[in-house]
Amino acid sequence: YVIIDDFWPAEYAQAMRDAILALHKVDGLAPNRVSLATSAGPLVLTKPHVFEADMHDKTAQALCPLFADFLDNADAFQTALAQRLPALKLVPAGRQSRTVKLQFNEGGGAFPWHYDNPSRPNARRLTILTYLNPDWAPGDGGELELLPFLGEPTRIEPRMNRVLLFLADELLHKVIPAVQRRMVFTLWLDGEATNTDDVVHLKVKHLNPDAIPLLTGSPLQRSVSRAVYSDLYEESLRACFGADSADLRKALALHRAHVKALLQNQALADFVAELKSRRPF
Ligand SMILES: O=C(O)CCC(=O)C(=O)O
Ligand SMILES: [Fe+2]
């Protein structure tokens, strides 16, 4: 990941913050809803105290010209990034290859551990967050925590005009509950080669310690992440959905079913035990 402070011209960052606040005032942000596929059909969960707008949405465009313009006119920025980061194989241009999301949280709003690109059909390769909180102070919460696979976690403070870039399909992260209101603008750029067969399907040849360096540097890690970090996933689901809510029970049940299915394969279960033993904490 990369952190760049004072990324945007100061007046533009302030205008971005004002635009999100204005959208919040006219109820232009909707509760965060995530739809998860289950054997019984889609399951929709709502993250409490997290409000969002996706700028591909026509209503959001009408209410928020600054970010509608950003979405329309980000080709030059996207092309420049694609050229400077060729290894990422970013789609070089095109409104449909990027997502602009505005987010506002307060009163405990949090995100559990996740990858921004969990698997197909998602095509995101790069996450670019812009934090827009001039008054942020320790104790306000809302830090982003990054967890490189089998590495040490890092906490990032959501300070004004701080931009954070990381790989959408390779970096596990969560948001600590926000005590004070907190605003973020997220830009996701799609890749030309995300979720190819070789990073989606874990194979028998990967189930040994020699393959660990491959997992730590590849989206393949997603196949085993929930099992390796099961305790952390559960703790973060509680922080997000509240200690005792219907959505927490559903999210926990889904998480546990996923882990159980993985561990039914003995070779995989042994490998997960090995990976767990290599966690530094
Ligand atoms: O709010 C943040 O800092 C990050 C939010 C996030 O992880 C997401 O929208 O996927
Ligand atoms: Fe995320």
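Residues numbered from 1 in each chain as written. Chains lettered and ligands numbered in written order. Predicted model: local features only at pLDDT ≥ 70, side-chain atom pairs only at ≥ 80, totals over all residues. Heavy atoms only, no water.

Draft legend 1. Representation of the pattern of salt bridges. On inspection of all chains with the given rule, the structure shows 15 salt bridges. For Arg 279, the salt bridge is made with Asp 231, and the minimal N-O distance between the two is 2.9 Å. Taken together, the residues Arg 279 in the segment after α10 (266–277) and Asp 231 in helix α8 (residues 230–241) connect sequence positions 48 residues apart. A relative accessible area of 15% places Arg 279 in the buried class. Within this structure, Arg 125, Asp 169 and Glu 170 form a network of salt bridges that share partners. (Salt bridge = Lys/Arg side-chain N within 4 Å of Asp/Glu carboxyl O. Helix = DSSP H or I, 4+ residues; strand = E, 2+ residues; numbered from the N terminus. Buried < 20%, exposed > 50% of the residue type's maximum accessible area, 1.4 Å probe, protein only.)

Draft legend 2. Structural context of the domain arrangement of the protein chain. Parsing the protein chain into structural domains produces domain 1 (2–190) and domain 2 (197–277). Placing the centre of domain 1 and that of domain 2 at their C-alpha centroids yields a distance of 24 Å. Listed as interface residues are 27 residues of domain 1 and, on the opposing side, 27 residues of domain 2. Taken together, the two surfaces of domain 1 and domain 2 that pack against each other cover about 2,300 Å², and 65% of this comes from carbon and sulfur. Summed over the three residues of domain 1 that lose the most area to domain 2, namely Trp 113, Phe 149 and Leu 150, the buried surface amounts to 29% of that side. On inspection of domain 1 and its partner domain 2, the count reaches one salt bridge. (Domains from an automatic or database assignment. Contact = heavy atoms within 4.5 Å. Buried area = accessible area lost by both parts, 1.4 Å probe.)

Draft legend 3. How the structure looks around α8. Along its twelve residues, α8 runs 16 Å from first to last C-alpha, staying within 8% of the 16 Å computed at 1.5 Å per residue. Of the positions making up α8, those classed as buried are Ser 230, Leu 232, Tyr 233, Glu 234, Ser 236, Leu 237, Cys 240 and Phe 241. If you follow the buried residues of α8, they end up packed against β3 (41–54), β5 (109–114), β7 (144–147), β10 (172–178), α7 (222–228) and α9 (246–263). Once α8 finishes, Gly 242 follows within two positions and takes phi at roughly 95°, a positive value. (Expected span 1.5 Å × (residues − 1).)

Draft legend 4. Broad picture of the packing of helix α1 (residues 10–25) against helix α3 (residues 65–73). Axis separation between α1 and α3 bottoms out at 9 Å; the angle between their running directions is 120°. As summarised for this structure, α1 and α3 are arranged oblique, according to the angle between their axes. Residues Tyr 12, Ala 15, Met 16, Ala 19 and Ile 20 of α1 pack against Leu 66, Phe 67 and Phe 70 of α3. The residue inventory of the contact of α1 with α3, partitioned by class, reads eight nonpolar, no polar and no charged. (Axes fitted to C-alpha atoms, helices over the stretch in contact; angles between N-to-C directions. Parallel < 35°, antiparallel > 145°, perpendicular 65-115°, else oblique. Nonpolar A, V, L, I, M, F, W, Y, C, P; charged D, E, K, R; others polar.)

Draft legend 5. Seen up close, the pairing of β5. Within β5, five of the six residues are buried, which leaves the element mostly enclosed by the surrounding structure. Examined bridge by bridge, β5 and β10 share three bridges and lie antiparallel to one another. By the bridge assignment, Phe 111 is partnered in β10 with Val 175. (Pairing = 2+ DSSP bridges.)

Draft legend 6. Up close: the nonpolar core. Core analysis: the largest hydrophobic core is formed by 33 residues, its most contacted members being Met 55, Phe 67, Val 100, Leu 102 and Phe 185. For this core, the secondary-structure elements that each account for two or more residues are α1, α3, α4 (75–84), β4 (98–105), β6 (124–131), β9 (162–167) and β11 (182–190). The greatest single-element share of this core, amounting to six residues, is contributed by α1. With 21 residues, the next largest nonpolar core counts Phe 149, Leu 215, Tyr 233 and Leu 268 among its residues. (Core = buried A, V, L, I, M, F, W, Y, C linked by side-chain atoms within 4.5 Å.)

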